[in-house]
Amino acid sequence: KTLSFRKICSKCGKTRGEHGELGFGHRCVYQDCGKCGAGIQCHEQHHSPMGILCTLTESQGATPGAALAYMRKIQDLANRAALQQKVTKHQRQQQQQQTSTPEKGVPTEVRVPTAVAPRAGQ
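Residues numbered from 1 in each chain as written. Predicted model: local features only at pLDDT ≥ 70, side-chain atom pairs only at ≥ 80, totals over all residues. Heavy atoms only, no water.

Caption draft 1: Fine view of the overall build of the chain. Secondary structure summary: the chain contains three helices and zero strands in total. Starting at the N terminus and walking to the C terminus, you meet the elements of the chain as α-α-α. By the burial criterion, 25% of the 122 residues in the chain qualify as buried. At a minimum sequence separation of 6, the contacts of the chain that also span at least 24 residues come to 27%. Within the structure as shown, the chain displays about 9500 Å² of accessible surface, and the carbon and sulfur contribution to it stands at 54%. (Helix = DSSP H or I, 4+ residues; strand = E, 2+ residues; numbered from the N terminus. Buried < 20%, exposed > 50% of the residue type's maximum accessible area, 1.4 Å probe, protein only. Contact = heavy atoms within 4.5 Å. Areas by Shrake-Rupley, 256 points an atom, 1.4 Å probe, with all protein chains shown as cover.)

Dropping the structure here:
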């Protein structure tokens, strides 16, 4: 699967793994942003959405370096999703090749000798 909102919360921007057993998406209970680390009050004050679309700066209350770390994490998730797609595609191609070619050890044609060579000494 590709990187999607099934892997990233649409409300706070945290990954599904960071959420644990708590709500995800519209049922999210987190009050802090997964991207900048600031609380919901800072976001409301600066009219900035929480999560992946967050635009808060450090001077507006964002945690120093949090946005950069978040973008690295998102890029890592995207790279993993792309790699998984390639692996899945490769496995499907191998399965299709195996079903279209005969199995090893099973002869595809039987050769019948047309002429018998004379034996030595005859």
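Caption draft 2: Here's a closer look at the nonpolar core. The biggest cluster of nonpolar side chains holds 13 residues, and the ones touching the most others in it are Cys12, Cys36 and Leu56. Beyond its immediate stretch of four places on either side in the chain, leucine 56 contacts Cys36, Ala38, Cys42, His43, His46, Ser48 and Ala62. (Core = buried A, V, L, I, M, F, W, Y, C linked by side-chain atoms within 4.5 Å.)

Caption draft 3: The state of the cysteines, seen in detail. Evaluation of the coordinates by the stated rule reveals zero disulfides. Unpaired in terms of disulfides, cysteine 28 finds its nearest cysteine sulfur in cysteine 12, a separation of 3.7 Å. (Disulfide = S-S within 2.5 Å.)

Caption draft 4: Expanded view of the pattern of salt bridges. For the structure shown, the criterion picks out three salt bridges. Glutamate 18 is the partner of lysine 73 in a salt bridge, and the nearest nitrogen-oxygen pair spans 2.8 Å. Taken together, the residues lysine 73 in helix H3 (residues 66-100) and glutamate 18 in helix H1 (residues 16-19) connect sequence positions 55 residues apart. Lysine 73 gets classed as partly exposed once you look at its relative accessible area, which sits at 25%. Residue glutamate 18 is classed as partly exposed on the basis of its relative accessible area of 37%. Residue arginine 80 pairs with aspartate 76 through a salt bridge whose shortest N-O separation is 3.2 Å. Taken together, the residues span about one helical turn, with arginine 80 and aspartate 76 both in helix H3 at a distance of four residues. You can call aspartate 76 partly exposed: its relative accessible area is 34%. (Salt bridge = Lys/Arg side-chain N within 4 Å of Asp/Glu carboxyl O.)

Caption draft 5: The arrangement of H3 in detail. A rise of 1.5 Å per residue sets the reference length of H3, with its 35 residues, at 51 Å; its end C-alpha atoms lie 51 Å apart and thus fit the reference within 8%. All of the buried residues in H3 are Ala66, Tyr70, Ile74, Leu77 and Ala81. (Expected span 1.5 Å × (residues − 1).)

Caption draft 6: Region of interest: the packing of aromatic side chains. For the structure on display, the rule yields zero aromatic pairs. Positioned over the ring face of phenylalanine 24 is arginine 16, at 3.9 Å from the centre of the ring. (Phe/Tyr/Trp six-rings, centres within 6.5 Å; stacked < 30°, edge-to-face > 60°. Lys NZ or Arg CZ within 6 Å of the ring centre and 35° of its normal.)

From the geometry alone we can't say anything about function, so treat these as descriptive.
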